Amino acid sequence: MKWIRRSSGIAAAAGLALTLAACSGGAEGAGGDSQDGTGDVSGQIAVAWWGGEARSAKTNAVIDLFTAQNDGVKVDGQATADFSKYFDKLNVQAASQSLPCAVQLQGRQVNDYTKNDLLMPLDPMIESGAIDVSDIPKSVLDNGRGTDGKLYFLPYGAAYDAVGINTTLADEAGVGLPEEGYDWDDYMSYLTEAQESLPEGVRAIDSNGGRPNFFIGWTLANGKSLFNDEGKLGFTEQDLTEYWNMWETVRKAGVTMPAARTAEEPTGPDQGFFATGEVMSDTIPGNALTPATETLEGQGEGQEMTTIPFPSGPAGSGNALYPSGFAIPVSCDNVPTAAAFIDFFTNDLEAGKAFAADNGAPTNTKVLEALIADDSLTPTKKHELELYKQIVESDPQAIVFPPGYQATFESSFKRAYEDVSFGKSTVEDAVKQFFSEANSSLGT
Amino acid sequence: MTSVKTHTIPRIYPGTPVKNTFVRAIIRHALLICVLFVLLYPLLWLLGASFRPNNEVFNGLGLFSENYTIQNYIDGWGAGSASFTRYFGNSLLVTVVSILGNLFSCSLTAYAFARLNFPFKNALFAILIGTMLLPMHVTLVPQYILFNKLGWINTYFPLTIPHWLGVDAFFIFLMVQFIRNLPRELDESARLDGCGHFGIFLRIVMPLSLPAIGTTAMFTFIWTWNDFLGPLLYLNRSDMQTVPLALNAFLDSTGQSSYGELFAMSVLSLAPIVGFFIVSQRLLIEGIATTGMK
């Protein structure tokens, strides 16, 4: 009855739902008439995505283009605004074998679904020519693979994490931008130097030791892997100790926001301390530059910001891509139409223009070029796309996130570092605590 | 009545000067108003933020700003593929049908448990109470499968029909307890005058149960109006959305969020709840006063 009070428990139910789906999933097998996606493109399919009004309008525009090209096809669009609520809904649909024929996923969750055999591998459809991947760089496409190496979703838009710099504050502090090819040591000394001349109350960076985004970048740059083949942690306790000690040094020197303030920071990139001009630098999703810029303008102090790639290291670039794409569930009864739709959404030039890179940069290089050349895009949006191009050229490593990543890794990581930054635990103890928590629930 | 009371106070406590109680009342009210202000501050902030331009919404914790605009209300009302006129209409429909359903089914069931004798009455009542212990997550997936097989996805049936079947054990329990406290002599006198069970139910029990009815209606209203998960699962089409779903559409953690419009529409969505509360609160007091006279 009191549904409103209990939404926090939905995540737990979602886990249960997926397990239930596993029990009932095998028997039905592929409900579709073809495994390779060839056949009649007709009839009705449902398509589900996350995103607010703006994105839904653009997605619906693409759907209209698709139905106009294919007579007799009807597409039932299911939009859920909130990212986490979207997955609540998906899990219930998965458990009841009624997933829409095209569901939008990211690498961080895809293996929660492949673990229970809920998704169809797309490789046969690529071989048959139903889905075209010739214009998608391999390093980007590989982000759609599951733990078994098969492709489970077709990435259409790639988000990436970037380092945001408040250029106004950086210029005032006399440090400018970090030099191209900077590494983590450079970044830390850059921040420390900036802190000396920043205005009262402004810090160089957030207290960020507990954010997985920066840590993922650090492991990539240093040639460590986040996860091993069994889906357990792939780095050593020593690595994490070194990483957290690095953050503790700058935190104790007063370069970061105090831990207590970071703990209560609003989560959205357009509400955080970086967007409000209270810290000079922070990691933000590359496509959050536009909304964060708007918030900063609203502060009325005429400050400006930009994004640059992550620090690199001995192993090269520290940038990871987080593409979103569509997957086809095994319960889908209209595979040819679903395959045609996701191919159209990802590869069609007009579709790409209608969607206007709303959810990360287009993975299809032709669509990307067309958008960069398009004059109607704002300079901020273009900067987002150009930085993506630069990152893809450095051949970023694809990360396979094991099942349970979202549910356990992110929260344990943050909590363990907060124990350190609030002085409740030593770095060594927190690392041990995190390793036992994460390894007990990851990859199972 | 009240004027009589105020005059009697000095007579009961002849040593207490009137002025003293007056001063005490002022202090007490001042304290209460301070606490109330702290309590309401987030709501006031919401109200203030809803009148600021979108990119100034998060400028600090103050209530006031240099720029005021009602653009958030205008843009917000027209946002989405259907406008908020539609969303408020949808919410109202679901809420009214749910309230009627709950009042109908819960009061009948409660009357049966409180006044009738039938086999397995206690066992059935225990089962009914037992359903209150079931977390809603346990039934979430089976329910979805059931409604999906019935073809009820994308209809308002999953959100309203269950209320007509008396599944809200809490309200039944509330009414049973209330009806049990009504004197049986009233039933018996009605029976002597020729009433059957429906007569007793409609003429005696229901009019005396106004407080319980008011409570049921009020809570059903608040819970249904604010329900997010039910509409999220069962309503896919955007023109069928209820207000909480439409509010959620302003937020997009991976894209552009419109907080100003969100806050403006949140303020409007709170208005019916506050209004309904005020109305049914009066009903509650009336109900209690009526039963107090018996």
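The structure presented is a predicted model; accordingly, all values stated were derived computationally and were not measured.

For chain B, the helix and strand inventory stands at 14 helices and 0 strands. When the helices and strands of chain B are read in sequence order from the N terminus, they spell out α-α-α-α-α-α-α-α-α-α-α-α-α-α. A buried classification covers 43% of the 294 residues belonging to chain B. In chain B, the share of contacts with a sequence separation of at least 24, taken over all contacts with a separation of at least 6, comes to 69%. As presented, chain B carries roughly 16400 Å² of accessible surface, and 72% of it is formed by carbon and sulfur atoms.

With that settled, consider the packing of aromatic side chains. Residue and element names in this part refer to chain A. The final tally for this structure, using the stated rule, is 67 aromatic pairs over all chains. Pairing Tyr243 with Trp247 gives two aromatic rings, centres 6.4 Å apart and planes at 70 degrees, and the pair type is edge-to-face. Of this pair, Tyr243 and Trp247 both sit in helix H10 (residues 237-252), 4 residues apart, which is roughly one turn of that helix. With respect to burial, Tyr243 and Trp247 carry one shared label: buried. A ring pair is formed by Tyr405 and Phe409, whose centres lie 5.2 Å apart and whose planes are at 25 degrees; its orientation type is stacked. Of this pair, Tyr405 and Phe409 are both found in helix H17 (residues 405-421), 4 residues apart, which corresponds to roughly one turn of the helix. For Phe409, a relative accessible area of 0% puts it in the buried group.

Take the state of the cysteines next. All names here are of chain A. Here the structure, examined in full by the defined rule, presents 1 disulfide over all chains. In this model Cys101 forms its disulfide with Cys332; the gap between the sulfur atoms is 2.0 Å. Torsion about the S-S bond of the Cys101 and Cys332 cystine: about 100 degrees, corresponding to right-handed handedness. You can see Cys101 sitting in the loop between helix H3 (83-95) and strand E3 (102-106) and its partner Cys332 sitting in the loop between strand E8 (321-327) and helix H13 (335-347), a full 231 residues away along the chain. Looking at Cys101, the relative accessible area reads 6%, which means it is buried.

Residue and element names in this part refer to chain B. Where helix H4 (residues 84-115) contacts helix H11 (residues 210-226), the two axes come as close as 9 Å, and the packing angle between them is 145 degrees. Where H4 crosses over H11, the handedness of that crossing is right-handed. Here Phe88, Ser91, Leu92, Val94, Thr95, Ser98, Ile99, Asn102 and Leu103 of H4 lie close against H11, whose contacting residues are Ile213, Thr216, Ala217, Thr220, Phe221, Thr224 and Trp225. By residue class, the composition of the contact of H4 with H11 is 9 nonpolar, 7 polar and no charged.

Residues and elements named next belong to chain A. Alignment of strand E1 (residues 43-50) against strand E2 (residues 73-80), held across 8 bridges, turns out to be parallel. Note that in E2 the partner of Trp49 across the bridge is Ala79. After leaving E1, the chain enters helix H2 (residues 53-69) and then returns to the sheet as E2, a path that is right-handed.

You will see that Gln97(A), though not glycine, has its phi angle at about 60 degrees, which is positive. You can see Gln97(A) is positioned in the loop between H3 and E3. Taking relative accessible area as the criterion, Gln97(A) reaches 19% and is therefore assigned buried. Although it is not a glycine, Phe120(B) sits at a positive phi angle of roughly 60 degrees. In this fold, Phe120(B) is placed in the loop between H4 and helix H5 (121-133).

To continue, consider the domain arrangement of chain B. All names here are of chain B. Splitting chain B by domain gives domain 1 (2-75) and domain 2 (82-292). Of the residues lining the interface, 12 residues belong to domain 1; the matching set on domain 2 comes to 12 residues. For the pairing of domain 1 and domain 2, the buried interface totals around 960 Å² over both sides, and the portion due to carbon and sulfur atoms is 78%. Area buried by domain 1 at its contact with domain 2 is led by Leu46, Asn54 and Tyr73, which between them contribute 46% of it. Viewed at the interface, domain 2 and domain 1 are joined by 0 residue pairs in polar contact (both at pLDDT 80 or more).

Attention now goes to the pattern of salt bridges. Residues and elements named next belong to chain A. By the definition in use, this model includes 17 salt bridges over all chains. Between Lys224 and Asp239 there is a salt bridge; the shortest N-O distance is 3.1 Å. Note that Lys224 is positioned in the loop between helix H9 (212-221) and H10 and Asp239 in helix H10, a separation of 15 residues in sequence. On the basis of relative accessibility, which here comes to 10%, the residue Asp239 falls in the buried class. Where salt bridges share partners, they join Asp123, Lys138, Asp142 and Arg145 into one cluster.

All names here are of chain A. Counting 54 residues, the largest nonpolar core has Tyr187, Leu240, Trp244, Trp247 and Phe434 as its most contacted members. At the level of elements, strand E4 (153-166), helix H7 (167-172), helix H8 (184-197), strand E5 (203-205), H9, H10, H17 and helix H18 (427-441) are the ones that each hand at least two residues to this core. Trp247 has contacts with Trp184, Met188, Ile205, Asp206, Asn208, Gly209, Phe214, Thr256 and Tyr417, leaving out every residue within four places of it along the chain.

Residues and elements named next belong to chain B. On the surface, Leu36, Phe37, Val38, Leu39, Leu40, Leu43, Leu44, Leu47, Leu270, Val274 and Ile278 cluster together into a nonpolar patch covering about 970 Å² of accessible area. Residue assignment for the nonpolar patch shows that the elements contributing at least two residues are helix H2 (18-49) and helix H14 (259-292). Looking at the nonpolar patch, the element that brings in the most residues is H2, giving 8 residues. Using a relative accessible area of 34% as the deciding quantity, one classes Leu40 as partly exposed.

All names here are of chain A. Assigned domains within chain A: domain 1 (7-158 + 322-393) and domain 2 (160-320 + 401-441). Centre-to-centre separation of domain 1 and domain 2, based on C-alpha positions: 29 Å. The largest share of the area that domain 1 buries against domain 2 comes from Arg108, Tyr322 and Glu384, three residues that together contribute 36% of it. For the pair domain 1 and domain 2, the number of links is 0 salt bridges. At the junction of domain 1 with domain 2, the criterion picks out 6 residue pairs in polar contact (both at pLDDT 80 or more). Ranked by residues supplied to the side of domain 1 that touches domain 2, first place goes to helix H16 (residues 379-393) with 8 residues.

Any two packed helices are characterised by the angle at which their axes cross and by the distance between the axes. Residues and elements named next belong to chain A. Remark: H2 packs on H13, axes separated minimally by 11 Å, with the N-to-C direction vectors making an angle of 120 degrees. By the criterion of interaxial angle, the relationship of H2 to H13 is oblique. Judged by the sense of rotation from one axis to the other, the crossing of H2 with H13 is right-handed. Taken together, the residues of H13 that come into contact with H2 (itself represented by Thr59, Val62, Ile63, Leu65, Phe66 and Gln69) are Thr337, Ala340, Phe341, Phe344 and Phe345. Of the residues contributing to the contact of H2 with H13, the split by class is 8 nonpolar, 3 polar and no charged.

About the thresholds
- Residue indices begin from 1 for each chain and proceed along its sequence in written order.
- Just so you know, chain letters begin at A and ligand numbers begin at 1, following the order they were written in.
- Local features are withheld for residues below a pLDDT of 70 in this predicted model, meaning they are given only at 70 or higher, and side-chain atom pairs are given and counted only at 80 or more; totals for whole chains, interfaces and linings count all residues.
- With hydrogens and water excluded, all non-hydrogen atoms of the structure serve as input to the side-chain values.
- Helix and strand definitions follow DSSP, with helices as H or I runs of at least four residues and strands as E runs of at least two, each counted in order from the N terminus.
- For the exposure calls, accessible area comes from a 1.4 Å probe over protein chains only, and a residue counts as buried if that area is under 20% of its type's maximum, exposed if over 50%, partly exposed in between.
- Contacts are assigned to residue pairs with any non-hydrogen atoms lying within 4.5 Å of each other.
- Surface accessibility follows the Shrake-Rupley procedure with a 1.4 Å probe radius. Residue values consider only the protein chains on display as shielding.
- Stacked, tilted and edge-to-face are the three classes assigned to paired rings of Phe, Tyr and Trp, where Trp is represented by its six-membered ring and a pair needs centres within 6.5 Å; plane angles under 30 degrees give stacked, over 60 edge-to-face, the rest tilted.
- We call a pair of cysteine sulfur atoms a disulfide whenever their separation is within 2.5 Å.
- Note on geometry: axes are C-alpha line fits, over the in-contact stretch for helices, and angles between N-to-C directions span 0 to 180 degrees.
- Note on convention: the crossing is left-handed when the near helix lies turned anticlockwise from the far helix by less than a right angle, right-handed when the turn is clockwise.
- Ten residue types, Ala, Val, Leu, Ile, Met, Phe, Trp, Tyr, Cys and Pro, are classed as nonpolar, four, Asp, Glu, Lys and Arg, as charged, and the remainder, Gly among them, as polar.
- Whether two strands pair depends on DSSP finding at least two bridges between them.
- Looking down the strands as they point away from you, a crossover is right-handed if its path from the first strand over the helix to the second goes clockwise.
- These domain limits were set by an automatic method or by a database of domain assignments.
- Buried area is calculated as the accessible area (1.4 Å probe) missing from two parts once they are joined, with the contributions of both summed.
- Within 3.5 Å is the distance limit for a polar contact, defined as a pair of N or O atoms, with the added protein rule that one can donate a hydrogen and the other accept it, and that residues adjacent in sequence qualify only through two side-chain atoms.
- What counts as a salt bridge is simple: a side-chain nitrogen of Lys or Arg found within 4 Å of a carboxyl oxygen of Asp or Glu.
- Remark: nonpolar core denotes a set of buried residues (Ala, Val, Leu, Ile, Met, Phe, Trp, Tyr, Cys) joined through side-chain atoms within 4.5 Å.
- Residues with no salt bridge and a relative accessible area higher than 30% make up the patches, which join like charges within 9 Å and nonpolar side chains (Val, Leu, Ile, Met, Phe, Trp, Tyr) within 5 Å.
- Orientation labels follow simple angle bins: below 35 degrees gives roughly parallel, above 145 gives roughly antiparallel, 65 to 115 gives roughly perpendicular, and whatever is left gives oblique.

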